[in-house]
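One letter stands for each residue in the lines below.
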2 protein chains.
Amino acid sequence: MSVKTMPRNRIFKLEELRNHCQKCSLYQLCLPMGLEEGDLNKLDQIIQRRRPVEKGEFLYRIGDPFSAVYAIRAGSLKTFTTNQEGHEQIIGFHLPGELLGMDAISREIHTCSAQALETVSVCEIPFERLESLSHEIPGLQHHLLSLMSEELQHEHCHLAVLAKATVESRLASFLTQLSERFKARGFSATEFNLSMSRNDIANLLGMAVETISRLFTQFQDQGLLKVERKHVHILDSASLHAMANTCSSAISEEDDDASQNSSS
Amino acid sequence: MSVKTMPRNRIFKLEELRNHCQKCSLYQLCLPMGLEEGDLNKLDQIIQRRRPVEKGEFLYRIGDPFSAVYAIRAGSLKTFTTNQEGHEQIIGFHLPGELLGMDAISREIHTCSAQALETVSVCEIPFERLESLSHEIPGLQHHLLSLMSEELQHEHCHLAVLAKATVESRLASFLTQLSERFKARGFSATEFNLSMSRNDIANLLGMAVETISRLFTQFQDQGLLKVERKHVHILDSASLHAMANTCSSAISEEDDDASQNSSS
DNA sequence: GTCTGTGATTGATCTGGATCAAGCTATTTC
DNA sequence: GAAATAGCTTGATCCAGATCAATCACAGAC
């Protein structure tokens, strides 16, 4: 709420928000991936930039009518469902470049809530317009389907982890995947901040907070990583990866680093 | 393998297989849902009817190149992933009217295997042709997205069940959902045969076979159901549903039976 | 600066469900 | 028909990880 001495900076940021997909650093990850300039402009025109969502605020809540999907520009969110008894189950954490809300398409209401873990800026994409645009642009339709398919794959791995893995393996898998996602976004794969609480991690992985805490200490004692509050420094990603033993890696090993190698 | 005295019947069945979507009893559940006659014919033309997949055979295996999605006409299958150590994790069981293989879109290889639990007949739909047809037919594109979105929702519930639910709640949730799916297909909601083994159920729900066995006995003792080998007769679906306490039901209660009420 | 509340850590205890072991029941093979 | 095999059930034991309890560390409020 306090603005302090950064108004110029603030204005610059707002200007940046008005920027188009072409200029966005997430271009390669996000919806416009692979589109030609003309098509990109069409997409750009239907996208609405909203004011940032502050930590703890909801982007949408379970039961809300579905009207748009959201591309994350900056910050991170968690999505979760709630059962009859009010128990909250976290579905996932979401990073810049990811598209949120697609699971609401069939029912036309949101079936989970999306809450900001820190200040988040998103692009709002009205779904009806996105759908009609997908008819004009073949690549866009395919990309939409492709993004949903990726989401499915990711959930499959998550399922496998919850169904069988030990607690060590769960946390290792979580950290490994997070690390890979940071890397894909141009951040460090070995050093990052956790925007979610231990409680949230425990919930996602189906275990108790105390166990998460103990495992962080254990991993540190084993020299796998250094952890201080939110800050994580991975020291031995190979061991961590081996510990994880997830389903996806059975396939992804082959084409791990084969995707992001254009300019530079 | 043995044909016995049913050749006439066999020929009739084959003829039926050649039938078009219009005549298919799964019309309301499957891909053609909501399409007009002209569009339906177009879709019909790209669909290939294959020979039945026998019990234990694979429709596709993890790692296979992705070229088509499959609509189940009859029978049931399981899909599962495999991790590095070869551990098999079942993702789901699939019934007539469901579309299989969409999770392979992004990688263009299958990320899980689909194996028949009994003799299965499927419609093979070449994906490239389906995609281009979706450009012509607005409803088809939406329906594709919608089906994937439903799949996502379903996985979210599955996640919630695995992460927190007790073993009772897991099995109750499994049986409740299965019952609802049978009902939606015009079968009895209270009496059905399980095409999968106890082992498969245990695997799906992340527990030991022994526990499944004990729970079936327990449920029977509690008067919730009667079970004899593969045959299940649900006696008290209300209690079973209450026991389940899944995420989806928090929303679906309102519009539970509000979807299927056209003719008759 | 102190106070307060929230989240994280560490230790002690307990238990739900896995694992181990054995017997049972269909179904298939010969 | 008997024998073999695969799948299911039941009982006894054990342990991974939850729960309970206490303390600690930090961020905000005033």
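Parameters at a glance
Residues numbered from 1 in each chain as written. Chains lettered and ligands numbered in written order. Predicted model: local features only at pLDDT ≥ 70, side-chain atom pairs only at ≥ 80, totals over all residues. Heavy atoms only, no water. Contact = heavy atoms within 4.5 Å. Buried area = accessible area lost by both parts, 1.4 Å probe. Salt bridge = Lys/Arg side-chain N within 4 Å of Asp/Glu carboxyl O. Polar contact = N/O pair within 3.5 Å; in protein donor to acceptor, adjacent residues only side chain to side chain. Helix = DSSP H or I, 4+ residues; strand = E, 2+ residues; numbered from the N terminus. Nonpolar A, V, L, I, M, F, W, Y, C, P; charged D, E, K, R; others polar. pLDDT = per-residue confidence, 0-100. Near = heavy atom within 4 Å. Least-squares fit on C-alpha atoms with pLDDT ≥ 70 in both. Domains from an automatic or database assignment. Phe/Tyr/Trp six-rings, centres within 6.5 Å; stacked < 30°, edge-to-face > 60°. Buried < 20%, exposed > 50% of the residue type's maximum accessible area, 1.4 Å probe, protein only. Lys NZ or Arg CZ within 6 Å of the ring centre and 35° of its normal.

Some remarks on the interface of chain B and chain A
Facing 54 residues of chain B, the contacting portion of chain A comprises 53 residues. Here chain B meets chain A over a buried area of about 5000 Å², counting both sides, of which 61% is carbon and sulfur. The tally of links between chain B and chain A comes to zero salt bridges. There are 20 residue pairs in polar contact (both at pLDDT 80 or more) connecting chain B and chain A. Elements supplying a minimum of two residues to the side of chain B that touches chain A: strand 4 (77-82), strand 5 (88-94), helix 3 (127-136), helix 4 (138-164) and helix 9 (249-252) of chain B. Broken down by element, the side of chain B that touches chain A gets its largest block of residues, 20 residues, from helix 4 of chain B. The residue inventory of the side of chain B that touches chain A, partitioned by class, reads 20 nonpolar, 24 polar and ten charged.

Here's the deal with the confidence of the model for chain A
All names here are of chain A. Summarising the model, chain A shows a mean pLDDT of 84, and 86% of its residues fall at 70 or more. Segment residues 1-17: pLDDT under 50, and four contacts once partners within four positions in sequence are set aside and those in other chains are kept. Here residues 252-264 scores under 50 on pLDDT; set against residues more than four positions off or in separate chains, the count is five contacts.

Focus: the protein's contact with DNA strand D
Around DNA strand D, 17 residues are found, and the nearest of them are Thr211(A), Arg198(B), Ser213(B), Arg214(B) and Thr217(B). The sugar and phosphate moieties of DNA strand D supply 62% of its atoms located within 4 Å of the protein. Note that a phosphate oxygen of DNA strand D is positioned 3.1 Å from one of the backbone N or O atoms of Val167(A). Within the side chain of Arg214(A), an N or O atom sits 3.0 Å from a base oxygen of DNA strand D.

Comments concerning the relation of the copies chain B and chain A
For the pair chain B and chain A, the superposition axis carries a translation of 0.0 Å, the fit reaches an RMSD of 0.0 Å, and the rotation angle comes to 180 degrees. When the rotation and shift are considered jointly, the pair of chain copies conforms to a two-fold rotation axis. Scanning chain B for the C-alpha nearest the rotation axis identifies His135(B), at a separation of 2.6 Å. Here 98% of the contact residues of chain B are again contact residues in chain A; the copies associate through an equivalent surface.

Here's the deal with the domain arrangement of chain A
Residues and elements named next belong to chain A. Under the domain assignment, chain A is made up of domain 1 (14-156) and domain 2 (165-259). Put simply, the middle of domain 1 and the middle of domain 2, counted by C-alpha atoms, are 24 Å apart. With 18 residues of domain 1 at the interface, the matching set in domain 2 holds 14 residues. Interface area for domain 1 against domain 2, summed over the two sides, is near 1300 Å², with a carbon-plus-sulfur share of 56%.

Observations concerning the packing of aromatic side chains
Scanning the model with the defined rule gives twelve aromatic pairs over all chains in all. A centroid spacing of 6.0 Å and a plane angle of 70 degrees characterise the contact between Phe93(A) and Phe174(A), whose relative ring orientation is edge-to-face. Taken as a pair, Phe93(A) in strand 5 (residues 88-94) and Phe174(A) in helix 5 (residues 167-184) lie far apart in primary sequence, 81 residues in all. Take Phe93(A) and Phe174(A): they sit in the same class, and that class is buried. On the basis of an interplanar angle of 25 degrees and a centroid distance of 5.9 Å, the ring pair of Tyr60(B) and Tyr70(B) is categorised as stacked. In this pair, Tyr60(B) sits in strand 2 (residues 58-60) while Tyr70(B) sits in strand 3 (residues 68-74), placing the two residues ten residues apart along the sequence. Owing to a relative accessible area of 6%, Tyr70(B) belongs among the buried residues under this scheme. An aromatic cluster of at least three residues, connected via ring pairs, comprises Phe182(A), Phe187(A) and Phe192(A). A cation over an aromatic ring shows up here: Arg61(A) above the ring of Phe58(A), its NZ or CZ 3.8 Å from the ring centre.

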